[in-house]
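Breakdown of the fold
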Amino acid sequence: MPNIIACRLASYGNYQDRAWTHLPEIGIRNVEIPAPSPEELPAVKRRLADHDLTATSLQGKADIKEPNAAEVLKPQFEACAALGAKVLFLSLKAGETDRSVVWQRMRAIGDLARSFGVTVGVETHPDLVTNGDVGLETMKAVNHPNVRINFDTANIYFYNRNRTAVGELIKVIDYVASVHLKDTPGGFEEWTFPVLGTGVVDFPVIFKMLGDRGFKGPYTMELEGTQGVDRNEAEQLEYIADSAAYLRRIGVLT
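Residues numbered from 1 in each chain as written. Predicted model: local features only at pLDDT ≥ 70, side-chain atom pairs only at ≥ 80, totals over all residues. Heavy atoms only, no water.

1. Concerning helix 1 (residues 16-25)
Looking only at helix 1, the buried set comprises Ala19, Trp20, His22, Leu23 and Pro24. Turning to helix 1, the residues buried within the fold contact strand 1 (5-8), strand 2 (30-34), helix 2 (41-50) and helix 9 (233-249). (Buried < 20%, exposed > 50% of the residue type's maximum accessible area, 1.4 Å probe, protein only. Helix = DSSP H or I, 4+ residues; strand = E, 2+ residues; numbered from the N terminus. Contact = heavy atoms within 4.5 Å.)

So, in C-alpha coordinates, the structure goes:
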(Lines give C-alpha, C1' and ligand atoms only; values in the text may rest on other atoms or scores of the structure.)
Protein backbone atom coordinates (compact mmCIF):
# COMPACT_ATOMS: atom_id res chain seq x y z
CA MET A 1 0.00 0.00 0.00
CA PRO A 2 1.53 3.35 -1.01
CA ASN A 3 1.98 6.24 1.38
CA ILE A 4 -0.76 8.84 1.54
CA ILE A 5 1.08 12.01 0.52
CA ALA A 6 -0.92 15.22 0.69
CA CYS A 7 -0.35 18.96 0.53
CA ARG A 8 -1.82 21.66 2.67
CA LEU A 9 -3.48 24.22 0.39
CA ALA A 10 -2.06 27.00 2.56
CA SER A 11 1.37 25.98 1.23
CA TYR A 12 0.46 27.93 -1.90
CA GLY A 13 0.33 31.21 0.00
CA ASN A 14 -1.29 33.88 -2.15
CA TYR A 15 -1.89 31.39 -4.95
CA GLN A 16 -4.16 28.85 -3.30
CA ASP A 17 -6.63 28.89 -6.17
CA ARG A 18 -3.85 27.51 -8.40
CA ALA A 19 -3.32 24.58 -6.03
CA TRP A 20 -6.45 22.85 -7.27
CA THR A 21 -5.00 22.33 -10.74
CA HIS A 22 -1.29 22.32 -9.92
CA LEU A 23 -1.36 19.46 -7.41
CA PRO A 24 -2.79 16.93 -9.91
CA GLU A 25 -0.18 18.13 -12.42
CA ILE A 26 2.61 17.09 -10.04
CA GLY A 27 0.90 13.86 -9.03
CA ILE A 28 -0.50 14.87 -5.65
CA ARG A 29 -4.14 13.86 -5.20
CA ASN A 30 -4.58 14.43 -1.45
CA VAL A 31 -5.02 17.70 0.40
CA GLU A 32 -5.44 19.23 3.83
CA ILE A 33 -7.97 22.05 3.87
CA PRO A 34 -9.74 24.08 6.56
CA ALA A 35 -12.87 22.36 7.80
CA PRO A 36 -15.70 23.94 5.80
CA SER A 37 -18.82 25.23 7.51
CA PRO A 38 -22.09 23.40 6.82
CA GLU A 39 -22.95 26.14 4.33
CA GLU A 40 -19.62 25.78 2.51
CA LEU A 41 -19.56 21.99 2.53
CA PRO A 42 -21.50 21.22 -0.68
CA ALA A 43 -19.36 23.58 -2.77
CA VAL A 44 -16.12 22.26 -1.29
CA LYS A 45 -17.20 18.68 -1.91
CA ARG A 46 -17.98 19.50 -5.55
CA ARG A 47 -14.68 21.30 -6.04
CA LEU A 48 -12.69 18.38 -4.65
CA ALA A 49 -14.54 15.96 -6.96
CA ASP A 50 -14.11 18.24 -9.98
CA HIS A 51 -10.32 18.20 -9.50
CA ASP A 52 -10.09 14.54 -8.47
CA LEU A 53 -8.70 15.53 -5.07
CA THR A 54 -9.32 13.88 -1.70
CA ALA A 55 -9.28 15.68 1.63
CA THR A 56 -7.28 13.28 3.79
CA SER A 57 -7.27 15.69 6.73
CA LEU A 58 -9.06 18.86 7.71
CA GLN A 59 -7.71 21.75 9.72
CA GLY A 60 -9.98 22.34 12.68
CA LYS A 61 -10.22 25.08 15.24
CA ALA A 62 -11.11 24.95 18.92
CA ASP A 63 -10.02 26.61 22.15
CA ILE A 64 -9.29 23.96 24.77
CA LYS A 65 -9.43 26.68 27.43
CA GLU A 66 -13.18 27.00 26.80
CA PRO A 67 -15.75 24.62 28.37
CA ASN A 68 -17.52 24.14 25.00
CA ALA A 69 -14.39 23.02 23.13
CA ALA A 70 -15.90 19.68 22.12
CA GLU A 71 -19.26 21.14 21.15
CA VAL A 72 -17.57 23.66 18.83
CA LEU A 73 -15.93 20.80 16.96
CA LYS A 74 -19.09 18.86 16.13
CA PRO A 75 -19.72 20.52 12.71
CA GLN A 76 -16.02 20.12 11.92
CA PHE A 77 -16.23 16.39 12.61
CA GLU A 78 -19.37 16.29 10.48
CA ALA A 79 -17.38 17.87 7.65
CA CYS A 80 -14.67 15.22 8.09
CA ALA A 81 -17.27 12.47 7.81
CA ALA A 82 -18.90 14.06 4.75
CA LEU A 83 -15.56 14.43 2.94
CA GLY A 84 -14.04 11.13 4.08
CA ALA A 85 -11.22 12.81 6.02
CA LYS A 86 -10.01 10.55 8.81
CA VAL A 87 -7.95 13.17 10.67
CA LEU A 88 -8.90 16.55 12.11
CA PHE A 89 -5.75 18.61 12.69
CA LEU A 90 -5.89 20.83 15.76
CA SER A 91 -3.49 23.26 17.40
CA LEU A 92 -4.38 23.31 21.09
CA LYS A 93 -2.88 25.58 23.74
CA ALA A 94 -3.85 25.08 27.38
CA GLY A 95 -2.23 28.17 28.87
CA GLU A 96 -2.97 28.46 32.58
CA THR A 97 -5.99 26.14 32.47
CA ASP A 98 -5.80 23.33 35.03
CA ARG A 99 -4.38 20.32 33.25
CA SER A 100 -6.92 17.92 34.73
CA VAL A 101 -9.66 20.04 33.12
CA VAL A 102 -7.76 20.06 29.83
CA TRP A 103 -7.41 16.29 29.85
CA GLN A 104 -11.13 15.90 30.53
CA ARG A 105 -12.01 18.21 27.63
CA MET A 106 -9.61 16.42 25.30
CA ARG A 107 -11.20 13.09 26.22
CA ALA A 108 -14.62 14.57 25.43
CA ILE A 109 -13.24 15.67 22.07
CA GLY A 110 -11.93 12.17 21.54
CA ASP A 111 -15.32 10.63 22.32
CA LEU A 112 -16.98 12.93 19.78
CA ALA A 113 -14.28 12.24 17.20
CA ARG A 114 -14.76 8.49 17.64
CA SER A 115 -18.50 8.81 16.99
CA PHE A 116 -17.65 10.21 13.54
CA GLY A 117 -14.85 7.75 12.80
CA VAL A 118 -12.24 10.52 13.04
CA THR A 119 -8.96 10.90 14.94
CA VAL A 120 -7.72 14.25 16.21
CA GLY A 121 -4.10 15.06 15.39
CA VAL A 122 -2.79 17.56 17.96
CA GLU A 123 -0.13 19.76 16.41
CA THR A 124 3.49 19.85 17.55
CA HIS A 125 3.06 23.22 19.26
CA PRO A 126 3.63 24.50 22.77
CA ASP A 127 2.26 23.87 25.29
CA LEU A 128 0.72 20.42 24.89
CA VAL A 129 3.03 18.86 22.28
CA THR A 130 6.09 21.12 22.41
CA ASN A 131 8.40 18.13 21.88
CA GLY A 132 8.43 14.38 22.36
CA ASP A 133 8.57 14.51 26.16
CA VAL A 134 5.69 16.95 26.51
CA GLY A 135 3.68 15.19 23.81
CA LEU A 136 4.12 11.83 25.49
CA GLU A 137 3.01 13.27 28.83
CA THR A 138 -0.11 14.74 27.18
CA MET A 139 -1.00 11.53 25.36
CA LYS A 140 -0.63 9.40 28.46
CA ALA A 141 -2.70 11.80 30.53
CA VAL A 142 -5.53 12.01 27.96
CA ASN A 143 -5.34 8.28 27.22
CA HIS A 144 -7.85 8.29 24.36
CA PRO A 145 -7.40 6.31 21.10
CA ASN A 146 -8.93 9.12 19.03
CA VAL A 147 -6.65 11.84 20.39
CA ARG A 148 -3.23 11.56 18.86
CA ILE A 149 -0.33 13.69 17.60
CA ASN A 150 0.23 15.47 14.32
CA PHE A 151 4.03 15.21 14.17
CA ASP A 152 5.56 18.27 12.51
CA THR A 153 9.11 17.49 11.39
CA ALA A 154 10.33 21.11 11.53
CA ASN A 155 8.47 22.42 14.56
CA ILE A 156 10.67 20.25 16.77
CA TYR A 157 13.57 22.54 15.85
CA PHE A 158 11.56 25.77 15.77
CA TYR A 159 10.22 25.39 19.33
CA ASN A 160 13.18 23.60 20.94
CA ARG A 161 16.94 23.67 21.22
CA ASN A 162 19.20 20.62 20.93
CA ARG A 163 16.51 18.23 19.71
CA THR A 164 15.99 16.45 16.42
CA ALA A 165 12.92 15.25 14.57
CA VAL A 166 14.14 11.65 14.65
CA GLY A 167 14.98 11.79 18.35
CA GLU A 168 11.59 13.21 19.31
CA LEU A 169 9.64 10.92 16.98
CA ILE A 170 11.10 7.90 18.79
CA LYS A 171 9.37 9.07 21.98
CA VAL A 172 5.87 9.52 20.53
CA ILE A 173 5.82 7.21 17.52
CA ASP A 174 3.02 5.08 18.96
CA TYR A 175 0.78 8.16 19.16
CA VAL A 176 1.25 9.62 15.66
CA ALA A 177 -1.93 9.95 13.61
CA SER A 178 -0.62 12.32 10.96
CA VAL A 179 2.59 14.04 9.88
CA HIS A 180 3.36 17.49 8.54
CA LEU A 181 6.34 17.35 6.20
CA LYS A 182 8.37 20.53 6.64
CA ASP A 183 12.11 21.12 6.42
CA THR A 184 14.32 23.58 8.29
CA PRO A 185 17.98 24.57 8.64
CA GLY A 186 17.49 23.74 12.32
CA GLY A 187 17.53 27.14 13.99
CA PHE A 188 15.51 27.83 17.12
CA GLU A 189 12.56 30.09 16.20
CA GLU A 190 14.01 30.51 12.72
CA TRP A 191 11.15 30.96 10.25
CA THR A 192 12.96 29.38 7.33
CA PHE A 193 11.28 26.34 5.79
CA PRO A 194 13.00 25.44 2.52
CA VAL A 195 12.28 22.84 -0.16
CA LEU A 196 12.00 19.39 1.40
CA GLY A 197 15.34 17.62 1.46
CA THR A 198 17.44 20.79 1.60
CA GLY A 199 17.45 21.23 5.39
CA VAL A 200 18.40 19.09 8.37
CA VAL A 201 15.34 16.85 8.68
CA ASP A 202 16.20 13.20 7.97
CA PHE A 203 13.08 12.32 6.00
CA PRO A 204 14.23 8.85 4.83
CA VAL A 205 14.72 7.75 8.45
CA ILE A 206 11.40 9.26 9.54
CA PHE A 207 9.53 7.45 6.76
CA LYS A 208 11.30 4.20 7.62
CA MET A 209 10.54 4.52 11.33
CA LEU A 210 6.86 5.14 10.72
CA GLY A 211 6.64 2.66 7.87
CA ASP A 212 8.06 -0.06 10.07
CA ARG A 213 5.10 0.58 12.39
CA GLY A 214 2.66 0.22 9.49
CA PHE A 215 1.93 3.94 9.28
CA LYS A 216 1.08 5.11 5.75
CA GLY A 217 -0.11 8.64 6.42
CA PRO A 218 -1.46 11.10 5.86
CA TYR A 219 1.91 12.75 5.35
CA THR A 220 1.05 16.34 4.43
CA MET A 221 3.49 18.79 2.90
CA GLU A 222 3.26 22.00 4.92
CA LEU A 223 5.54 24.44 3.13
CA GLU A 224 5.54 27.73 5.00
CA GLY A 225 8.37 29.51 3.18
CA THR A 226 10.84 31.97 4.65
CA GLN A 227 9.97 35.03 6.68
CA GLY A 228 10.42 38.16 4.61
CA VAL A 229 10.70 36.33 1.28
CA ASP A 230 7.79 36.75 -1.11
CA ARG A 231 7.62 34.36 -4.06
CA ASN A 232 5.80 35.06 -7.27
CA GLU A 233 3.39 32.44 -8.56
CA ALA A 234 5.96 30.58 -10.66
CA GLU A 235 8.41 30.45 -7.75
CA GLN A 236 5.72 29.25 -5.35
CA LEU A 237 4.68 26.44 -7.69
CA GLU A 238 8.32 25.44 -8.19
CA TYR A 239 8.85 25.35 -4.41
CA ILE A 240 6.03 22.84 -4.05
CA ALA A 241 6.90 20.82 -7.16
CA ASP A 242 10.54 20.52 -6.05
CA SER A 243 9.41 19.24 -2.64
CA ALA A 244 7.20 16.62 -4.27
CA ALA A 245 10.08 15.64 -6.57
CA TYR A 246 12.28 15.09 -3.52
CA LEU A 247 9.72 12.72 -2.01
CA ARG A 248 9.77 10.77 -5.28
CA ARG A 249 13.57 10.61 -5.28
CA ILE A 250 13.62 9.00 -1.84
CA GLY A 251 10.94 6.55 -2.89
CA VAL A 252 8.09 7.56 -0.59
CA LEU A 253 5.86 9.07 -3.30
CA THR A 254 4.94 7.08 -6.38
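2. What to know about the pairing of strand 6 (residues 147-152)
For strand 6, the tally of buried residues reaches six of six residues, placing the bulk of the element in the interior. Inspection of the sheet shows strand 5 (residues 119-123) paired to strand 6 by four bridges, in the parallel sense. Each residue of the ladder has a partner; that of glutamate 123, found in strand 6, is asparagine 150. With respect to chirality, the unit in which strand 5 leads through helix 5 (residues 132-142) into the neighbouring parallel strand 6 is right-handed. The sheet contact formed by strand 6 and strand 7 (residues 176-181) spans four bridges and is parallel. Along strand 7, the bridge assignment pairs phenylalanine 151 with valine 179. (Pairing = 2+ DSSP bridges. Right-handed = clockwise from strand over helix to strand, strands pointing away.)

3. A short note on the nonpolar core
In terms of nonpolar packing, the biggest core is built from 79 residues, with Leu23, Leu58, Met106, Met221 and Leu247 touching the most fellow members. By residue number, the principal contributor to this core is helix 3 (residues 69-83), which donates seven residues. If near-sequence neighbours (up to four positions away) are discounted, leucine 58 is found in contact with Glu32, Ile33, Ala35, Pro36, Gln76, Ala79, Cys80, Leu83, Ala85, Val87, Leu88 and Phe89. (Core = buried A, V, L, I, M, F, W, Y, C linked by side-chain atoms within 4.5 Å.)

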